[in-house]
Amino acid sequence: MTTTNRIHAEDLVDFASAKSAGPRPIQSSSRAARTRRKWYEIIGLTLPALAIYTLFVLVPMGFAVYYSLYRWRGSGAPTDFIGLDNYFGPYGALRDPIFQDALLNNIKIVIGSLLVQGPLAVAIALLLNRRFRGRALFRMLVFVPYVLAEVTVGVMWRLILTDNGVFDAVLRSLGLGSLVRSWLGDPNLVLWTVLGVLTWKYLGFAIILLLAGLSNVPEELSEAAAIDGASWWQIQWHVTLPLLGPTIRIWAFLSMIGSLQVFDVVWLVTTQAIRGLGAANTMATYMVQEGFLARSWGFGSAVSVILFVISFGAALLYQRFVLRRDLQGALTERS
Amino acid sequence: MATHAVALPRRRRRTNPWTSALTYGLALAVAGVCIAPVVYVILGGFRTAGQIAANPAGLPNPWVIDTYLRVISAGMFWQYVGNSAIVALGTTLGVVALGVCAAFALSRYRFRGREALYTYFVLGLLFPAAAGILPLYLLLRDLNLENTWWGVILPQVAYGLPLTIVILRPFLLAIPGELEDAAMIDGSTKLGFFWRILLPLSRPALVTVGVISFVSSWNAFLLPLLILHDTSLYTLPLGVQQFQGQYSSDTAAILAYTSLSMMPALLFFLFAERQIVGGLTGAVKG
């Protein structure tokens, strides 16, 4: 279709003539009516989705940029223009050590999730990809934590990990009493506890993705390798894993974006007292605490913008340099 | 580094008993770690606070059903369940209806700017939801949607649309054009074809996106937390958090409440496992 974009299925008949000249006089009214009708349909079909999506996803971010330039407590329109002080000023977010800690914590969670969940999920997926009776049941059980609501997971682990709670009791009964710590109360430890809970919650998702990826690896390949005398271990390492590459890269992308924005589990497992020390804040919990609960809309908007720029920038970079091959331009404009 | 766990060679057709025992052992261990906390919460609800204090890791002895009964009757548990169901159903309907219409236009019409429009929707997948939450709250406040269910439903629909369109469009594209031509020859309009033929044909894909948006709405926490202030409007996750705050000393009650609150999600998962798993993996593979 190199001619006008107006051509649609019904018009294929006059394809040849439409190419050279304008619409012929005899058919012009019916053609124009059809074209008009087509556009009405297109607009009617896409407009509701387009409007809601634009209004609630894109527009707020634009407002955030605007609000972030003001000191604004939320009554009336913002008037107290302070430029970029909410970002870089002496009391700006980027200069606040608590925010810096939150950002650092996010980075630790990103790296920790990738390094811990990745290998673990690959190992478990390869295990559950073997043929054995009851495999379907095991696959389902592994996925259960992912289905639970974040709130459920947060409340549950907070009770389990509380001082002298069931986790400590289990450790003691295993003779590991010396390992007992104040899991949620020790500022140096709490982030790693949170990382453990996040791993428990989201590992199932990684495993399910990898199992789906594994089901696409043709069995003939590993059979051929086996006939050539490769061991199970060699087959996984040299045949299966390389073919899982795209799946692993997409999982890493989703994990990274999720880790940068993590809120629910952190909010529920930790207390404000310990988050206030900078020990377990993330950018999102900081934003809700210092922006929403403190009713500092200008400052909170600045934090929103920073969080947005970091997440969106990371997503675009990853997309550009790592996922390019896998998605074939689905997410960015074709170049 | 990754797969030191199961390093035994696999014989063709016949498995070595040791290999198979090792496989089962490891699979059991993994499943145990995933399930143990859930089982603890469910069992904990059958114990009294005294039992839990005396021995945190013990089994119920004797079994007590009172806590569960108390939680069900006392709190606003059922109201929260109902609220969650309304919000989740509203979200699902909105996402599926708007999503399938847009996906239909984006797949079965040719028009200028079609790919650009599609890219515009897909861009939403990269939009960090948490980052937008604060300005979103301000917008909803200005629209007088604060403290209403619409204030939760509409943004959830908006955030659900990109994934829905990304899943549905290839599906609709794959339905052969001959079907459409045949319908046209029989005198159907384009919209008639959409309504009478395409929609019934795409039911599996619609169920998948419906299930995904239902589950994510059912579990949502941050948006309802900022938008809903009246406890009578609370969804279940807010109820759980509120209950935990109110009864922080009564561990047994929190355990019972938490385990009741996860039952709907677990049951739903049991029935819709295929759609959830298939949808998630299908969406990621694009």
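As the structure is a prediction and not an experimental result, all values here were calculated from the model.

Digging into the overall build of chain A
Alright, step 1. Looking only at helices and strands, chain A has 16 helices and two strands in total.
Alright, step 2. For chain A, the residues scored as buried account for 39% of the 335 residues in total.
Alright, step 3. In chain A, once contacts between residues fewer than 6 apart in sequence are set aside, the share between residues at least 24 apart is 64%.

Observations concerning the overall build of chain B
Alright, step 1. Check the secondary structure of chain B and you find 13 helices and zero strands.
Alright, step 2. The N-to-C order of helical and strand elements in chain B reads α-α-α-α-α-α-α-α-α-α-α-α-α.
Alright, step 3. Projecting the C-alpha coordinates of chain B onto the three principal axes gives extents of approximately 75 × 65 × 35 Å.
Alright, step 4. Evaluated residue by residue, chain B yields a buried proportion of 47% over its 286 residues.
Alright, step 5. Residue pairs at least 24 apart in sequence account for 76% of intrachain contacts in chain B once pairs closer than 6 positions are excluded.

Description of the interface of chain B and chain A
Alright, step 1. If you look at the interface, chain B gives 85 residues, while chain A gives 85 residues.
Alright, step 2. When residues of the side of chain B that touches chain A are assigned to their parent elements, the largest contribution, 14 residues, is made by helix α13 (residues 251-285) of chain B.
Alright, step 3. Here the residues of the side of chain B that touches chain A are counted per class, giving 64 nonpolar, 15 polar and six charged.

A few points about unusual backbone geometry
Residues and elements named next belong to chain A.
Alright, step 1. Phi is positive for Arg295, close to 55°, though the residue is something other than glycine.
Alright, step 2. As for its position among the elements, Arg295 is in the loop between α14 (283-293) and α15 (297-321).
Alright, step 3. Owing to 12 C-beta atoms within 10 Å, Arg295 belongs among the exposed residues under this scheme.

Some details on the packing of helix α5 (residues 135-147) of chain A against helix α1 (residues 17-44) of chain B
Two quantities define a packed helix pair, namely the angle between the axes and the distance from one axis to the other.
Alright, step 1. Put simply, α5 of chain A and α1 of chain B touch, their axes get as near as 9 Å, and they point 40° apart. One element, α5 of chain A, and the other, α1 of chain B, form an angle in the oblique class. Note that α5 of chain A runs across α1 of chain B; the crossing there is left-handed. Residues Phe138, Leu141, Val142, Val144 and Pro145 of chain A of α5 of chain A pack against Ala27, Val30, Ala31, Cys34, Ile35 and Val38 of chain B of α1 of chain B.

Overview of the domain arrangement of chain B
Residues and elements named next belong to chain B.
Alright, step 1. Domain assignment breaks chain B into domain 1 (18-64) and domain 2 (75-285).
Alright, step 2. Each of domain 1 and domain 2 was reduced to a C-alpha centroid, and the two centroids are 34 Å apart.
Alright, step 3. If you look at the interface, domain 1 gives eight residues, while domain 2 gives seven residues.
Alright, step 4. When contributions to the side of domain 1 that touches domain 2 are tallied by element, the ones reaching two or more residues are α1 and α2 (49-54).
Alright, step 5. A per-element tally of the side of domain 1 that touches domain 2 places α1 first, with three residues.
Alright, step 6. The residue makeup of the side of domain 1 that touches domain 2, split by class, is four nonpolar, three polar and one charged.

Here's the deal with the environment of Leu179 of chain B
Residues and elements named next belong to chain B.
Alright, step 1. Tracing the backbone shows Leu179 in helix α8 (residues 177-185).
Alright, step 2. Using a count of 13 C-beta atoms within 10 Å as the deciding quantity, one classes Leu179 as partly exposed.
Alright, step 3. With 153 residues separating them along the chain, Leu179 and Leu26 place their C-alpha atoms 51 Å apart.

Examining the domain arrangement of chain A
All names here are of chain A.
Alright, step 1. Along its sequence, chain A is carved into domain 1 (24-85) and domain 2 (90-327).
Alright, step 2. Taken together, the contacts link twelve residues of domain 1 with ten residues of domain 2.
Alright, step 3. Looking at the side of domain 1 that touches domain 2, the elements that each hand over two or more residues are α2 (25-67) and β1 (70-71).
Alright, step 4. Per-element tally for the side of domain 1 that touches domain 2: the top contributor is α2, with four residues.
Alright, step 5. Each residue belonging to the side of domain 1 that touches domain 2 can be placed in one class, and the counts come to seven nonpolar, two polar and three charged.

Some details on the nonpolar core
Alright, step 1. Residues Val142, Val194 and Ile207 of chain A are the most contacted members of the largest nonpolar core, which totals 169 residues.
Alright, step 2. In terms of residue count, the dominant contributor to this core is helix α8 (residues 190-215) of chain A (15 residues).

Some points on the confidence of the model for chain B
Alright, step 1. The predicted model of chain B averages 85 in pLDDT, with 92% of residues at 70 or higher.
Alright, step 2. The ipTM, which scores confidence in the relative placement of chains, is 0.85 for this predicted complex, and the corresponding pTM is 0.84.

Reading the values: rules and limits
- Think of each chain on its own: its residues are numbered from 1, step by step along the sequence as written.
- Here the convention is simple: chains get letters from A, ligands get numbers from 1, in the order in which they are written.
- Owing to the predicted nature of the model, reporting of local features is limited to residues with pLDDT of at least 70; listing and counting of side-chain atom pairs is limited to 80 or more, with chain, interface and lining totals taken over all residues.
- In this description a helix means any DSSP run of H or I spanning at least four residues, a strand means any run of E spanning at least two, and both kinds are numbered starting from the N terminus.
- Put simply, a residue is buried when 20 or more other C-beta atoms lie within 10 Å of its own C-beta and exposed when 12 or fewer do; between those, it is partly exposed, and each C-beta is set from the backbone.
- What counts as a contact is two residues whose backbone-derived C-beta atoms lie within 7 Å of each other.
- Lys, Arg, Asp and Glu make up the charged group, whereas Ala, Val, Leu, Ile, Met, Phe, Trp, Tyr, Cys and Pro make up the nonpolar group; the residues left over, Gly among them, are polar.
- What counts as an axis is a line fitted to C-alpha atoms, over the stretch in contact for a helix, and the angles between N-to-C directions run from 0 to 180 degrees.
- Orientation labels follow simple angle bins: below 35 degrees gives roughly parallel, above 145 gives roughly antiparallel, 65 to 115 gives roughly perpendicular, and whatever is left gives oblique.
- Each crossing gets its handedness from the near helix: less than a right angle anticlockwise from the far helix is left-handed, clockwise is right-handed.
- Domain extents, as shown, originate in an automatic or database domain assignment.
- Definition of nonpolar core: a set of buried Ala, Val, Leu, Ile, Met, Phe, Trp, Tyr and Cys residues joined via C-beta atoms within 7 Å.
- Known as pLDDT, the predictor's per-residue confidence is scaled from 0 to 100.

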